[in-house]
Amino acid sequence: MKITMIGTGYVGLVTGTCLAEVGNDVLCLDVDARKIEMLQGGGVPIHEPGLESMIHRNVAAGRLRFTTDIDAAVGHGNVQFIAVGTPPDEDGSADMQYVLQAARNIGRRMTQWTLVVDKSTVPVGTAERVRAAIAEELAARGVDIAYAVASNPEFLKEGAAVEDFMKPDRIVIGADNDRAITLLHGIYAPFQRNRERLLVMDLRSAELTKYAANAMLATRISFMNELANLADRLGADIEAVRQGIGSDPRIGYHFLYPGAGYGGSCFPKDVKALQFTAQRHGLPLRLLGAVEAVNEAQKQVLVDKIVAHFGADLSGRRFALWGLAFKPNTDDMREAPSRVIIDALIQRGATICAYDPVAMDEARRVLGDARGVSFAASPLAACGGADALVVVTEWKEFRSPDFDALRRQLKQPVIFDGRNLYEPGVVRGAGFEYRAIGRR
């Protein structure tokens, strides 16, 4: 099947590559010439496990190509996936200009029946706006060409996006056209051979499902963070509480890990966008307002623990920081808690020596020439002469450190653990003062 993927960000690049992997002829379009040039030259603009080798394999096989040519992209496939960015506006709403521009570009150039699929995370009602934009362009051309619009939201986790796409737990399709449903069922058939994973619903329900899923996950995170902060006050152990409530099958264990707050390109943006949509329809989502407020406050919790230990003036203090990306297995630093923590410590006079397995180049770009921030070649090197270690991202390589070597590197044996990676008794038995999130 000939498929066009409009947009080569996380969603578009992973989706296009995985569709090529199962035999489709995929042409990926992006208006960013530098990104396309990088992809055509064998580079990959994002860090995602398993993606680079899959891109190279499918490019070599001739199933995956990249272009900036809009005419060629629209002419290529009778299935056009829109996977462009929907960044938040100042009021929290999703900026739809790129989605609608993609729709207009299709309407101006299409010559055959076309299925247009919204893959981007978009507000409820977007499919209708896409349909209208295409109709306007066809009318301006004076032509009558049939087409269909469907919603197919993505549920990919950064750091596990390839695996999520190749082995989905569900595939949501919003459509009101039988031909579109049949076509999408065929596209996704290779990914659901052992059982049916396709959930077909109306367009608006599919669009709301994506926002609802991310809002629910963000809510669980903020709930556990509030409980962890309460456990600190009460002298309880949030890890014991997590196991106690997670064992209830109605609750489960997923997304019950307290920490330094959520970040990334999805949860913060989607929680805001859903609140904006609800507000516009006269039904403010008070719960999500609290979820957002709790998360912003949680990014300061580690800083508060550091200040409680060392005092408000951190002049002359040096901190080793492990983890810059907002989560493991990605270099994404959008809304990352590390950015808030670094900024707060520097404002109090401290210096930072940071280490992250893959996000240090991105950190240099994001932080620019921030004074007081340096980068180390290894976790242990970051700790040399530091007053304390601050753990911000739960990378696997941080989980079993050599505590004896770590203690020799640090000026003071103090660990502030924002991801509860270690057992308090083990760390204290190794001679450290240990401050975590809700651990006794």
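This text goes with the structure placed above it.
Residues numbered from 1 in each chain as written. Predicted model: local features only at pLDDT ≥ 70, side-chain atom pairs only at ≥ 80, totals over all residues. Heavy atoms only, no water.

Let us now look at the packing of aromatic side chains. What the rule picks out here adds up to twelve aromatic pairs. Relative to Tyr 434, the ring of Tyr 422 has its centre 6.4 Å away and its plane inclined at 55°; by these criteria the two rings are tilted. Here Tyr 422 is found in the loop between strand 13 (414-417) and helix 18 (424-429), whereas its partner Tyr 434 is found in strand 14 (residues 433-435), with twelve residues between them in sequence. Across the pair, Tyr 434 and Tyr 422 agree in class, each one buried. Among the aromatic side chains, those forming a connected cluster through ring pairs are Phe 403, Tyr 422, Phe 432 and Tyr 434. Of note, Arg 170 hangs over the ring of Phe 155, and the distance from its end group to the ring centre comes to 3.8 Å. (Phe/Tyr/Trp six-rings, centres within 6.5 Å; stacked < 30°, edge-to-face > 60°. Helix = DSSP H or I, 4+ residues; strand = E, 2+ residues; numbered from the N terminus. Buried < 20%, exposed > 50% of the residue type's maximum accessible area, 1.4 Å probe, protein only. Lys NZ or Arg CZ within 6 Å of the ring centre and 35° of its normal.)

Moving on: the sheet that holds strand 13. Taken together, six strands build an open sheet; the order of strands is 11-10-9-12-13-14 and the sheet is parallel. Only two strands of the sheet have a single partner each, and these edge strands are strand 11 (373-375) and strand 14. Averaged over all pairs of adjacent strands, the angle between strand axes in this sheet comes to 20°, irrespective of strand direction. Direction of pairing for strand 12 (residues 388-391) relative to strand 13: parallel, over a ladder of three bridges. Across the sheet, residue Val 391 finds its bridge partner in strand 13, namely Asp 417. Contacts from helix 13 (residues 301-310) reach strand 9 (318-322), strand 12, strand 13 and strand 14 within the one sheet, and its direction differs from that of strand 13 by about 155°. (Pairing = 2+ DSSP bridges. Axes fitted to C-alpha atoms, helices over the stretch in contact; angles between N-to-C directions. Contact = heavy atoms within 4.5 Å.)

The next point concerns unusual backbone geometry. For Phe 255, which is not a glycine, the phi torsion comes out positive at approximately 60°. Relative accessible area serves as the criterion here: at 29%, Phe 255 is assigned to the partly exposed category. One non-glycine residue, Asn 329, lies in positive phi territory at about 65°. Within the secondary structure layout, Asn 329 lies in the loop between strand 9 and helix 14 (337-347). Residue classification places Asn 329 among the partly exposed residues on the basis of a relative accessible area of 33%.

Function cannot be inferred from these measures alone, as they are strictly geometric.
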